[in-house]
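Structural features, examined
If you want the building blocks of each chain, they are given just below.
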Amino acid sequence: MTGAPVTVAVVGAGPRAVGLMERLGASRSELLGNGPLDVHLVDPYPAGSGRVWRVDQSALLRLNTAAGNVTMFTDPSATCAGPVRSGPTLAQWACIGAEDFATRATQGRYLSWVWERAVEQLGPAARVRVHPTRVRALRGDRRGQQRLYLDGGTEPLLADVVVLAVGQLGAELDPEQVRLRDFAARYNLTYLPPGNPADADLSALAPGEPVLVRGLGLTFVDLMVLVTEGRGGEYHRDGGGVLRYRPSGREPRLLVGSRRGVPHLAKFGYRLAGEPPTLPRFFEAGALLDAERPLDFATAVWPAMAKELGWGYYHELFSTHPERTALPLAEFADRYAALDWYSARRVELVRRAVPDRADTLDLARLDRPLRRIRARSLAELQPYLRRWLTRSARRRTDPARSGDLGGLLAAMSVWGELDRLASAGRFSAESVRTEVQGWWPGLLGHLATGPPAHRLEQLRAVADAGVVSFLGERMWVSPDDRRRVYRAGAATTPETVGARVLVEARLPTATLDRFADPLLRDLRDVGDVVPAVVDCGGVLVPTGRLRVASADSRIIDRTGTAHPRRFALGPYTDGRHAMAFAPPAVDAPTFRHNDAAARAILDELRRSS
């Protein structure tokens, strides 16, 4: 190919864009040749690291994934069509242990290095330009060049193909959040909406100030780190080896609760000891795809999913820790396979085969650890929560409890099966809204996406020091006009608290109807992007995400057809399961999605040349 260059513009220059660039370089020679190619990346944040992983953030903030489970490169496990181009994991690149949790700044430097390597591998005829700004509008028909209008510019940037790879998105406030924000403005209070604490102005969280915090996930952990160690507090171990926190005196007092009332379970500090069973065994979508009527999740699907989680848990317990069981694995497996999860006979089998109750799997208690706890006051509740943190951190680092990891692997195996059923429209609309899109992702997140165990140990230490107090499960917040404060409480105790500061410790929920990004709002308003929906027996249930073609991530517009020159990648699209980076040696969806999109882009560029 000779003559004028073909041009691709990528909106966003963080890890998703970097992964796409790597795949473009891998297949370029095969599909496009080595003629002139112009690549434009548009992002106000640095190319490679993007906003979330920028290198100038606090060194106290760390990944919540072990460095050995982070890679930007394909390996022989990958089933993508493009060539495999291996590279180091984050642990190998940074020369740290595979089980270490690197700083986010280190991850940012890794991503920047991958970016530079990806640019080099595009070849000498490729010109790459980064525009440190935002795109406010995109125009163009299906046949001609696309026109991107950038902030601060008058003439459009022209491209043959446009890719939206904008990563984590902001969202407009929902009605409740607007009410809470306006209440703060009326009485000179402070309201911090959902967002990354590293991007927020935390100066309003004054020393000793009571601060209501809604959320106990990873965003809360970041907040805790920044207002404790980040303000000069220190950890040390006492003579008995217990971690203690020495306040600096500059910390606020965090009064925190959530729907579940406890943090996510910690990441595992060990690997599976036994040989994992073939999963899934009891829950497969294929057996339910021909169901005559929409399925009710709670009655028709969850019992089989729960049985699958139990199988993963007990298989590991019986095969690796047989001294704590009263039956051989083979006998237990045969009996277990014949019984329903909620049957009395299954409960009796486990009771007889697993003598110690601490070794049994209680999914209801895992989901709601505080469901049976009723404290007369907040002071009475605190010791229980601190003990829970200690036990939780210890259990996730104790290989003797490896059955927990077996259960998690089973949970991950049913995730894809459940998605197949949902995508095929086999659930009732109510099941999709409340369980498939709500309760189940929440439970899976609680089991799988928590912080490193040392963060729970630190949280227990700052709670011991009086910097954090827990409100309990099903936390609520309400404006109190009479006292001119936010009032909060929870189902766990009748006591309520008031404060002049409220922090939403969670990331924004960026659904298509509430995108804060001006480009995506504009595309939505003109019908060039549309919401993905699940067809539940003729009832269309929006997912909140942007609809793309499953094969190659082309954007589907109001006509119901894929735009040949526009693509979108990221968690705000139908391809949400593919994260920006992935573990090695697992044939990660990330690389398949990036590769399919890259090859479709190169095909389109060839046709445009």
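Residues numbered from 1 in each chain as written. Predicted model: local features only at pLDDT ≥ 70, side-chain atom pairs only at ≥ 80, totals over all residues. Heavy atoms only, no water.

Turning next to the side chain of Asp359. Inspection of the secondary structure puts Asp359 in the loop between helix H8 (344-353) and helix H9 (363-367). We classify Asp359 as buried; its relative accessible area is 2%. What Asp359 contacts, discounting residues up to four positions off in sequence, is Tyr313, Tyr314, Leu317, Arg324, Val354 and Arg401. (Helix = DSSP H or I, 4+ residues; strand = E, 2+ residues; numbered from the N terminus. Buried < 20%, exposed > 50% of the residue type's maximum accessible area, 1.4 Å probe, protein only. Contact = heavy atoms within 4.5 Å.)

Here we come to the packing of helix H6 (residues 297-320) against helix H7 (residues 329-337). The geometry of H6 relative to H7 is characterised by a closest axis approach of 10 Å and an angle of 170 degrees between their N-to-C directions. Taken together, the axes of H6 and H7 are roughly antiparallel relative to one another. Taken together, the residues of H7 that come into contact with H6 (itself represented by Ala306, Lys307, Gly310, Trp311, Tyr314, His315, Phe318 and Ser319) are Leu329, Phe332, Ala333, Tyr336 and Ala337. Class assignment for the residues of the contact of H6 with H7 results in nine nonpolar, three polar and one charged. (Axes fitted to C-alpha atoms, helices over the stretch in contact; angles between N-to-C directions. Parallel < 35°, antiparallel > 145°, perpendicular 65-115°, else oblique. Nonpolar A, V, L, I, M, F, W, Y, C, P; charged D, E, K, R; others polar.)

In terms of nonpolar packing, the biggest core is built from 88 residues, with Tyr314, Phe427 and Trp440 touching the most fellow members. Broken down by element, the residue count for this core peaks at 11 residues, all from H6. Of all hydrophobic cores here, the second largest spans 44 residues; its members include Met21, Met72, Ala600 and Ile601. (Core = buried A, V, L, I, M, F, W, Y, C linked by side-chain atoms within 4.5 Å.)

We now examine the pairing of strand S10 (residues 234-237). With four bridges joining them, S10 and strand S11 (residues 243-246) adopt antiparallel strand pairing. Of the residues in S11, the one forming a bridge with Glu234 is Arg246. In this structure, the hairpin formed by S10 and S11 is closed by a connection of five residues, where Gly241 is found at a positive phi of approximately 85 degrees. (Pairing = 2+ DSSP bridges.)

Right, let's talk about the pairing of strand S15 (residues 485-490) for a bit. Counting buried residues along S15, six of its six residues qualify, which places the element largely inside the surrounding structure. Linking two consecutive strands that pair antiparallel, namely strand S14 (residues 476-480) and S15, is a turn of four residues; a positive phi of about 60 degrees is found at Arg484 within it. Taken together, the four bridges between S15 and strand S16 (residues 493-499) define a ladder with antiparallel strand orientation. Residue Ala490 lies in a different strand from S16, and its bridge partner there is Thr493.

In short, shape yes, function no, at least from these values alone.
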